Amino acid sequence: MGGGDFFHLPVLSREVIAGLAIRPGGHYLDVTVGGGGHSRLILEAASDVRVTAVDQDEDALAAARKQLSGFEDRVKFIRSNFAAFDFPLEAFDGIIADLGVSSYHLDAPERGFSFRHTADLDMRMDRRQALTAADIINYWDEKELADIFFHYGEERLSRRIARRIVEKRPFYTTTELADAIASWVPGKYRHGRIHPATRVFQALRIAVNDELKSLETLLEVAPPSLVPGGRIAIISFHSLEDRLVKHSLRNSPLLKVLTKKPIIAQPDEIAQNPRSRSAKLRIAQRELD
């Protein structure tokens, strides 16, 4: 599945554009360009706007190039994890980060993010890296597995699941692992609101892509890259990320938080895109000198 098939409906798009207060002639940084949805809205919001579009996923960048093909002279594309991006000082009028996993990643079987389809346990956003979910499942020790399931997945049965994985491994496919986890948990857990493997899969994805460490780095290096009065908007999708964003924005000496509570999707957006239900947007502004 190539770049043309990449799909990610931008969440909270009205709120992001309003929150960034797009300026004519402004320069904006989209560190998770995905399919280009937010970047397109930024480019359309005011005249002569420029965007630097960053993503670590080659399929996302290919899709963004297609989506933004009418704005070539105003967009610069860079393949990088946002934590490795070289943030220049006081360069951007606004920065947007959408931390959500795209519909493409969840729906493309070969990427191994979802257990709805049988696929290799992969989960790499950047397929240039070596570490995969299969490596973690099959080679990390029991304590390491239990720790990531508990801390990254908030999985209450983390120790039980880690112990069984070590006893029964190797596991090579998504459905093989998900079915095994379902067979190891109590019945009431198995028939709950979400599949019993959901939290383990979230934890694996976070571990494979070092997502929380990358987010910590972003929150540290992004604020000095804003011009005075420039704004940063971050969309998170689970409590681990949102807590980190909330505290980092609040504790930054360069920023003034503009959202006392996170902005959430309205009913009309949730009806159109159910995945927006868990999205939380926080916005801060660089203090004027």
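Residue positions are given per chain, counting from 1 as you read along its sequence in written order. Confidence filtering applies because this is a predicted model: local features only for residues at pLDDT of at least 70, side-chain atom pairs given and counted only at 80 or more, and all residues used for totals across whole chains, interfaces and linings. Note that the side-chain values use all heavy atoms of the structure and ignore hydrogens as well as water.

K.L.:
Would you take a moment to explain the overall build of the chain for this structure?
P.N.:
Only DSSP runs of H or I covering at least 4 residues are called helices, and only runs of E covering at least 2 are called strands; the numbering of each starts at the N terminus. Looking only at helices and strands, the chain has 13 helices and 8 strands in total. We compute the radius of gyration from the C-alpha atoms alone; for a globule the expected value is 2.2 Å times N to the 0.38, where N is the number of residues. Taking 289 residues into account, the globule formula puts the C-alpha radius of gyration at 19 Å, and the chain, at 19 Å, falls close to it. Projecting the C-alpha coordinates of the chain onto the three principal axes gives extents of approximately 60 × 40 × 35 Å. Out of the 289 residues in the chain, the part that is buried amounts to 55%. Throughout, a contact is declared for two residues whenever any of their heavy atoms are within 4.5 Å. Sequence separation of 24 or more characterises 71% of the internal contacts of the chain that already satisfy a separation of 6 or more. Charge counting treats Lys and Arg as positive and Asp and Glu as negative, with His and both chain ends excluded. For the purpose of locating charges, the reference atoms are NZ of Lys, CZ of Arg, CG of Asp and CD of Glu. Each charge class in the chain was averaged separately, 40 positive and 40 negative side chains, and the resulting centres sit 7 Å apart. Throughout this description, buried means an accessible area under 20% of the type-specific maximum (1.4 Å probe, protein chains only), exposed means over 50%, and partly exposed covers the range between.

K.L.:
It is not clear to me how the packing of helix α7 (residues 158–168) against helix α8 (residues 174–184) should be interpreted in this structure. Could you clarify?
P.N.:
Between the N-to-C directions of two axes lies an angle of 0 to 180 degrees, each axis being a line fitted to C-alpha atoms and, for a helix, fitted only over the stretch in contact. Two elements in contact, α7 and α8, have axes separated by 10 Å at closest approach and are oriented at 125°. With respect to each other, α7 and α8 are oriented oblique. In the crossing of α7 with α8, the sense of the turn from one axis to the other is right-handed. Judged by residue contacts, R160, I161, R164, I165 and K168 of α7 engage L177, I181 and W184 from α8. Here the angle decides the label: under 35 degrees means roughly parallel, over 145 means roughly antiparallel, 65 to 115 means roughly perpendicular, and every other value means oblique. In a left-handed crossing the near helix is turned counterclockwise from the far helix by less than a right angle, and in a right-handed crossing that turn is clockwise.

K.L.:
So what exactly am I meant to see when it comes to the nonpolar core here?
P.N.:
Nonpolar cores were defined as sets of buried Ala, Val, Leu, Ile, Met, Phe, Trp, Tyr and Cys residues, with membership established by side-chain atoms within 4.5 Å. F149, I161, I165, L177 and L204 are the most contacted members of the largest nonpolar core, which has 33 residues in total. Contributing elements (two or more residues each) for this core: α5 (133–139), α6 (142–153), α7, α8 and α10 (198–209). Sorting elements by how many residues they give to this core places α10 first, with 6 residues. Setting aside chain neighbours within four positions, we find F149 in contact with I137, E154, E155, S158, I161, A162, I165, V200, A203 and L204. Grouped together as the second largest cluster of nonpolar side chains are 29 residues, I17, A53, F71 and A233 included.

K.L.:
So what exactly am I meant to see when it comes to unusual backbone geometry here?
P.N.:
Negative phi values dominate among residues other than glycine, just as trans dominates among peptide bonds. Following R169, the chain continues to P170 via a peptide bond in cis, the omega torsion being 20°. The topology assignment puts P170 in the loop between α7 and α8. The phi torsion at L12 lies on the positive side, around 50°, for a residue other than glycine. Inspection of the secondary structure assignment puts L12 in the segment before α1 (13–20).

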